[in-house]
Amino acid sequence: MIMLELMKEHYKTLISVPFLTMNCTLALIETIQRYYSFNKREEVGLVSELFLAPVRSTKMIPLDCWDILVNGLKHNKRIAVYKKDPVIARIASNMEPGCRLSLITSRFVGPNEEDLCLSLDGHPDLCISFSNMESKERIFGIRYKEVENDKREYLRIGDEADEWMSKILGIPVTVLHVPETKLSGEPNYPVYGSDSGPVPVPPVHIISISTLQELNEKSGKSVEMARLRPNIVVKNSESGAEGFWKVIRIGDQLELEQTFMNPRCGVINVLDGKMNTGVYDAIYRHGPFRDTRNRPCFGSYWKVLRPGKVHVGDKIVLLKSVEKNISAPPYMDESYVIG
């Protein structure tokens, strides 16, 4: 009788116990599934090509292997050309005379990749040494969008470099270098934030061959990979899959974390000194992702979690991914878009 009375008093609780147990079991199963789904160790592609641009907007150098340091590829985009009007200001690479930069080739000479040689037909070569940069003149106050708001320290490479580049571009310019000691763990080139000021962009740019092939099929264009200026080109991956990779390992040591997709600008219309405005239009209409400002995105930016050397042919292993049941990666929100 006592047992019967207790059951009458607590029957609701007793009935709910199996349901609670079932719910907890299902929650545990879901947690395990999500762990193995989004914390992975699977090969997702191979490094097909590797590129470096020591001087912004110039032709990229194809490489077989290279060191990727905490600040990105060694020497990548560490040198930039700025106009003097009379305040030092950024050159628009997708407009004359800035698009002439895409005609300039570069190569490293010497055993330690510390000496860079710039070349253009009809002009003598210009040699720049990275080993003695700290002795150069220091420059502050680079202007962006009519505002002097880049507070980083730059080094002026010298009169010879300024004269060489000014003759090629046809306007007075200065050639500047960002010293590694001033990067402070941040990448070495900016994009615009909401306040029209430069903000950091992660230092490694990745694009897959399959994603570009799909873009060309949908658009009916033949957009060249060289226009998109990636550092690492991936093969043997699904189209658009790289947009959902979060952490990857390349080779034995290098580990990268994706921070946001690359909102493209007009520089992709320029190749070998010539303009093709249909390239940006193709990505705008048929690209795989848009950011919160409706800008077309193609390729992705990655920060370095663990430095290492990358080789053409290295395996790319997915360590962590994000959910695919959404229209765009969750890290394409406003905070990531502007850095």
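Scroll up a little and you will see the structure.
Residue indices begin from 1 for each chain and proceed along its sequence in written order. Side-chain atom pairs in this predicted model are given and counted only at pLDDT of 80 or more, local residue features only at pLDDT of at least 70, and totals for whole chains, interfaces and linings cover all residues. Note: side-chain values were computed over all heavy atoms of the structure, leaving out hydrogens and water.

1. What to know about the overall build of the protein
- On a plain count of helices and strands, the protein comes out with 7 helices and 26 strands.
- Residue burial in the protein is summarised as follows: out of 339 residues, 50% are buried.
- Excluding contacts between residues fewer than 6 apart, the proportion of contacts in the protein whose partners are at least 24 apart in sequence is 70%. Helix numbering and strand numbering both begin at the N terminus, where a helix is a DSSP run of H or I of at least 4 residues and a strand a DSSP run of E of at least 2. When a residue's accessible area, from a 1.4 Å probe over protein chains only, is under 20% of the maximum for its type it is buried; when over 50% it is exposed; and in between it is partly exposed. Residue contacts are defined here by distance: any two heavy atoms, one from each residue, within 4.5 Å place the two residues in contact.

2. A look at the pattern of salt bridges
- Salt bridges are defined as contacts in which a side-chain nitrogen from Lys or Arg sits within 4 Å of a carboxyl oxygen from Asp or Glu. For the structure shown, the criterion picks out 14 salt bridges.
- Here Lys246 ties to Glu257 by a salt bridge, and the two come within 3.9 Å at their closest N and O atoms. Of this pair, Lys246 sits in strand E19 (residues 245-250) while Glu257 is found in strand E20 (residues 254-263), placing the two residues 11 residues apart along the sequence.
- By relative accessible area, which is 10% here, Lys246 ends up buried.
- A salt bridge links Asp281 to Arg285, with the shortest nitrogen-to-oxygen separation between them at 2.9 Å. With Asp281 and Arg285 both in helix H6 (residues 278-286), this residue pair falls 4 residues apart, about one helical turn.

3. What about the environment of Leu228?
- Here Leu228 lies in helix H5 (residues 225-228).
- Once residues lying within four places of it in the same chain are set aside, the contact partners of Leu228 are His205, Ile207, Leu212, Val223, Arg264, Ile268, Ile283 and Phe298.

4. Re the side chain of His75
- By the element assignment, His75 lies in the loop between strand E4 (72-73) and strand E5 (79-84).
- For His75, the contacting residues outside a window of four places in its chain are Leu52, Ala53, Pro54, Trp66, Phe108, Glu113, Glu114 and Phe130.

5. Some points on the pairing of strand E3 (residues 65-69)
- Of the two faces of E3, the one holding Trp66 and Ile68 is buried and the one holding Cys65, Asp67 and Leu69 is not buried anywhere.
- Once E3 ends, the chain turns through 2 residues before running back antiparallel as E4. Any two strands are treated as partners once DSSP identifies two or more bridges connecting them.

6. Thoughts on helix H3 (residues 159-169)
- Those residues of H3 that sit buried are Ala161, Asp162, Trp164, Met165, Ser166, Ile168 and Leu169.
- The positive-phi residue at the C-terminal boundary of H3 is Gly170, with phi of around 80 degrees.

7. Observations regarding the pairing of strand E9 (residues 123-129)
- Bridge count for strand E8 (residues 115-120) against E9 is 5 bridges, and the pairing is antiparallel. Residue Leu120 lies in a different strand from E9, and its bridge partner there is His123.
- Linking E8 to E9, which pair antiparallel, is a turn of 2 residues; within it Gly122 sits at a positive phi near 90 degrees.

8. Things to note about the packing of helix H4 (residues 209-219) against H6
- Running from N to C, H4 and H6 point in directions that differ by 95 degrees, and their axes come no closer than 10 Å. Regarding the angle of H4 to H6, the classification is roughly perpendicular. Contact with H4, carried on its side by Leu215, Lys218 and Ser219, involves Ala282, Ile283 and His286 of H6 and no other residues of that element.
- When residues are grouped by polarity, Ala, Val, Leu, Ile, Met, Phe, Trp, Tyr, Cys and Pro land in nonpolar, Asp, Glu, Lys and Arg in charged, and all others, Gly among them, in polar. Grouping the amino acids of the contact of H4 with H6 by side-chain chemistry returns 3 nonpolar, 2 polar and 1 charged. Helix axes use the C-alpha atoms of the stretch in contact, all axes being lines fitted to C-alpha atoms, and the angles between their N-to-C directions lie in the range 0 to 180 degrees. Working definition: roughly parallel below 35 degrees, roughly antiparallel above 145 degrees, roughly perpendicular at 65 to 115 degrees, and oblique for all remaining angles.

9. Details of the side chain of Thr174
- Structurally, Thr174 is set in strand E14 (residues 173-177).
- N or O atoms within 3.5 Å of each other form a polar contact, as long as, within protein, one can give a hydrogen and the other can take it, and as long as residues adjacent in sequence are counted only when both atoms are side-chain atoms. A polar side-chain atom of Thr174 sits 3.2 Å from a polar atom in the side chain of Asp162.

10. Quick look at the sheet that holds E4
- Spatial strand order, E4-E3-E25: 3 strands in an open sheet with antiparallel pairing. Strands at the two margins of the open sheet, each flanked by one partner only, are E4 and strand E25 (308-311).
- When E3 meets E25, the two strands line up antiparallel, connected through 4 bridges. Its bridge partner being in E25, Ile68 is matched across the sheet by Gly308.

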